[in-house]
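Residue-level structure breakdown
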Amino acid sequence: MDRKLFRSILWIITYAVLLVLFIVQFNELRALAGTVLGIFQPLFIGFAIAFVLNRPCHMLAVLYDRALGNTRAKKLSRPLAVGTSYLILLVLIVAFFAIVLPKLVESITLFVNSINGYLANLQTWLTPLLDLLNLESFNLSNLSEWIRTALNGVLNTLTTAVPQIISTAMAVVSIVVTAFLSIIFSIYMLSGKEKLLSQCRRVLLAYVPKRVNSVVLEVLRLTADTFTAFVTGQLLEACILGGLTTVGMLFIQADYAPLVGIIVGVTALVPMIGAFVGGALSAILLLMVSPIKALIFLIFILCLQQFEGNVIYPKVVGSSIGLPAIWVLTAVTVGGGLLDFVGILISVPIASVFYTLLRRDVHKRLGEPAPKED
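Attention here is on the structure that accompanies the text. Computed from a prediction, not measured in an experiment: that's the story for all the values here.

**Let's talk about the overall build of the protein**
- The helix and strand tally for the protein stands at 13 helices and zero strands.
- Within the protein, residue pairs in contact and separated by at least 24 positions form 67% of the contacts whose partners lie at least 6 positions apart.
- As presented, the protein carries roughly 24,500 Å² of accessible surface, and 73% of it is formed by carbon and sulfur atoms.

**Concerning the pattern of salt bridges**
- Enumeration according to the criterion identifies four salt bridges in this entry.
- Residues Arg 221 and Glu 218 are paired through a salt bridge, measuring 2.7 Å at the closest nitrogen-oxygen approach. Linking Arg 221 with Glu 218, this pair stays in helix α9 (residues 210–252), spanning three residues, or about one helical turn.
- On the basis of relative accessibility, which here comes to 29%, the residue Glu 218 falls in the partly exposed class.
- Asp 361 is the salt-bridge partner of Arg 365, the closest N and O atoms lying 2.8 Å from each other. Placement of both Arg 365 and Asp 361 in helix α13 (residues 325–365) is noted, with a separation of four residues, approximately one turn of the helix.
- One network of salt bridges, with partners in common, ties together Glu 218, Arg 221, Asp 225 and Arg 360.

**A word on the nonpolar core**
- Ranked by internal contacts, the top residues of the largest apolar core, which has 27 residues, are Phe 111, Met 249, Tyr 256 and Phe 297.
- Secondary-structure elements contributing two or more residues to this core are α4 (77–113), α5 (115–132), α9, α10 (257–267), α11 (274–289) and α12 (291–317).
- In terms of residues, this core owes the most to one element, α11, which gives six residues.
- Core analysis: the second largest hydrophobic core is formed by ten residues, Leu 53, Cys 57, Leu 60 and Ala 81 among them.

**Regarding a nonpolar patch on the surface**
- Taken together, the side chains of Leu 19, Phe 22, Ile 23, Leu 29, Leu 32, Val 36, Leu 37, Ile 39, Phe 40 and Phe 44 make up a nonpolar region of the molecular surface, amounting to roughly 980 Å² of accessible area.
- Contributions of two or more residues to the nonpolar patch are made by α1 (3–24) and α2 (26–39).
- When residues of the nonpolar patch are assigned to their parent elements, the largest contribution, five residues, is made by α2.
- With respect to the secondary-structure elements, Leu 32 resides in helix α2.

**Thoughts on the packing of helix α3 (residues 41–68) against α4**
- At their nearest, the axes of α3 and α4 sit 7 Å apart, and the two run at 130° to each other. Here α4 runs oblique to α3, going by the angle between their axes. Between α3 and α4 lies a crossing of right-handed hand. Contacts between α3 and α4 involve Ile 49, Leu 53, Asn 54, Pro 56, Cys 57, His 58, Leu 60, Ala 61, Tyr 64, Asp 65 and Leu 68 from the former and Ser 77, Arg 78, Leu 80, Ala 81, Val 82, Thr 84, Ser 85, Tyr 86, Ile 88 and Leu 89 from the latter.

**Description of the packing of aromatic side chains**
- All told, the structure shown has three aromatic pairs when counted by the stated rule.
- Taking the centre distance of 6.5 Å and the plane angle of 40° together, the rings of Phe 40 and Phe 44 count as tilted.
- Given a relative accessible area of 45%, Phe 44 falls into the partly exposed group.
- Taken together, a centroid distance of 6.2 Å and an interplanar angle of 35° make the contact between Phe 47 and Phe 51 tilted.

Definitions and cut-offs
- Residues numbered from 1 in each chain as written.
- Predicted model: local features only at pLDDT ≥ 70, side-chain atom pairs only at ≥ 80, totals over all residues.
- Heavy atoms only, no water.
- Helix = DSSP H or I, 4+ residues; strand = E, 2+ residues; numbered from the N terminus.
- Contact = heavy atoms within 4.5 Å.
- Areas by Shrake-Rupley, 256 points an atom, 1.4 Å probe, with all protein chains shown as cover.
- Salt bridge = Lys/Arg side-chain N within 4 Å of Asp/Glu carboxyl O.
- Buried < 20%, exposed > 50% of the residue type's maximum accessible area, 1.4 Å probe, protein only.
- Core = buried A, V, L, I, M, F, W, Y, C linked by side-chain atoms within 4.5 Å.
- Patch = residues over 30% accessible without salt bridge, like charges linked within 9 Å, V, L, I, M, F, W, Y side chains within 5 Å.
- Axes fitted to C-alpha atoms, helices over the stretch in contact; angles between N-to-C directions.
- Parallel < 35°, antiparallel > 145°, perpendicular 65-115°, else oblique.
- Left-handed = near helix turned anticlockwise from the far one by under 90°.
- Phe/Tyr/Trp six-rings, centres within 6.5 Å; stacked < 30°, edge-to-face > 60°.

Taken by themselves, the reported measurements are silent on function.
Set out below in structure tokens:
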């Protein structure tokens, strides 16, 4: 038998056996993978923190370089940038728990206490429409109880989450250790980014063929750029939309400005459809307070999204990640089905990387000029 043919048959048999073992032992392999990922959880969390802080840290390092000039203290620019980045992150976290969270609890409490009156008003507004549709028996009393129960659950979670965590000593120790190790990992990654990248490149050059090495480096560069643009864009968009919504709500219904602002800001993290979902949920909430205010809010949020998407977002973030809307929606749907909320967040940049690579390969195979990057 030809040696090359024998080697091909051997590879096919090996792949078939491994595939059968994977299918048969899928649950065990998934449990093993979960255990391994759990062990490396601090490393992954640290990488995520370092990735989010990488861009502000780089900007601060450039500013410190310029400020320190060509003095001996210039070598301190990177440590100072890392320390300043974590200080800013700490200030934002403290501000959220000290300022935003109490206002959010206050808004939810007010809404829960006023829900019966709001639903009575809504019932009055809907009565002519219900009479027209022959739905006189429709009543909102059950809806009132359901909303009250759901919001009380949210309120209890917000107000009792910390005592519940503290009461479980082992959970607290695990969380503290994981958080501490994650921060240490992220500090090392930010401080020694250039050295780590250089070491990774040397490993690739040493163990990977030159042709494959260039492809791997290009894919990694594209992935890093895409994730950086996406994470920066989504976080800025969420903060801008949430902040502007809160300011606008001060003139529409000031009591619920923090609640509506957080709803719109958090849902804006979901690409393309998140802000619309947040706007719809907030409009339903305001509908029970006043249909006129709900209508004003809808007009306001639609104008705000157009202004933010067409003026602010392109100026601050730059061009988009280059993925058509249909594939964004597909990626969000598939990612949410596989990995829930985490899948929704990471599915779009992953899909964008595959889309860009596929588009380049198609142009190359058809002998067409390389596509212009967005």
